[in-house]
Amino acid sequence: MGSYLEIHAGPYMLVSKIPTKTEVVKQTCVDSDCILFDTEIKFPFCPQCGGKSEHKTHETETYKDVRDIMYKDEFEGQMVAVHNGGAEFSQLFSVLLPNHYIKGLEEPGIDMDEVNIVEIKPERMEREIKWFMSEYTELIAAIVAEFGESAVQIKWGIIKHYN
Ligand SMILES: [Zn+2]
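Attention here is on the structure that accompanies the text. The structure displayed is predicted, hence computed values, not measured ones.

## What about the overall build of the chain?
Across its full length, the chain holds four helices and six strands. Listed N to C, the secondary structure of the chain is β-β-β-α-β-α-β-α-α-β in terms of helices and strands. Here the chain, with 163 residues, has 14% of them falling under the buried criterion.

## So, the sheet that holds strand 1 (residues 5-16)
Taken in spatial order, the four strands make up an open sheet running 4-5-1-6, and their pairing is antiparallel. What marks the edges here is a single partner per strand, and that holds for strand 4 (79-82) and strand 6 (152-162). Each strand axis lies, on average, 40 degrees off the axis of its neighbour in the sheet, ignoring direction. Bridging between strand 1 and strand 6 involves eleven bridges; their strand directions are antiparallel. Within the sheet, the bridge partner assigned to proline 11 lies in strand 6 and is tryptophan 156. Together, strand 1, strand 5 (93-98) and strand 6 form the strand contacts of helix 3 (residues 122-135), whose direction differs from that of strand 6 by roughly 105 degrees. Across the sheet, helix 4 (residues 137-147) lies against strand 1, strand 4 and strand 6, angled at about 110 degrees from strand 6, the strand it touches most.

## A look at the environment of leucine 14
In this fold, leucine 14 is placed in strand 1. In this structure, leucine 14 is in contact with Phe93, Val95, Gln153 and Lys155, ignoring residues within four places of it in sequence.

## Describing the pairing of strand 2 (residues 19-29)
Among the eleven residues in strand 2, one count as buried, and that is only a small part of the element. Examined bridge by bridge, strand 2 and strand 3 (residues 53-63) share eleven bridges and lie antiparallel to one another. Bridging from a neighbouring strand, valine 25 pairs with threonine 57 of strand 3.

Definitions and limits used
- Numbers given to residues run from 1 along each chain, matching the order in which its sequence is written.
- The predicted nature of this model means local features are confined to residues of pLDDT at least 70 and side-chain atom pairs, given and counted, to a pLDDT of 80 or more, with totals for whole chains, interfaces and linings taken over all residues.
- Labels follow the DSSP assignment, with helices taken as runs of H or I lasting at least four residues and strands as runs of E lasting at least two, numbered in each case from the N terminus.
- Put plainly, a residue is buried at 20 or more neighbouring C-beta atoms within 10 Å of its own, exposed at 12 or fewer, and partly exposed in between, counting only other residues' C-beta atoms, which are placed from the backbone.
- Between any two strands, at least two bridges found by DSSP are needed for them to pair.
- As a rule, the C-alpha atoms of each element are fitted with a line to give its axis, helices using only the stretch in contact, and angles between N-to-C directions run from 0 to 180 degrees.
- Placing C-beta atoms from the backbone, we regard two residues as in contact once those atoms come within 7 Å.

So this is what it looks like as structure tokens:
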């Protein structure tokens, strides 16, 4: 895995991270003065304080991870998830980029070593968004089915990332 800066100029997908609460039932010591309070123990009595243990429901918050879908065999390698926009943004969204060049269209990258100014016409954005949606129909549908339509946005933009 190299680490060089890349500028992606092209279509991308934003997927909102959706918090999901998972409930787990744990048998724990229920004496708040005990050092094993809320700690899972597998015995009817706490080995520390001798108090009775009880089964309690604990909630943990996790996020649905879009990579669980992206890395399924049928979609493997189609898109890449990139780090982006700082910690706060990363907590809200996953950013997915196409993993191959756009056939017959402009290359998605902009090589800023070679040029200092790049004109981007609106037609290019429209064309590439259309390409993205038809190229990745099945993956997009699978993500929408899991996350909901309002969680998925397809945009065109410039994204700095390390490859
Ligand atoms: Zn205890």
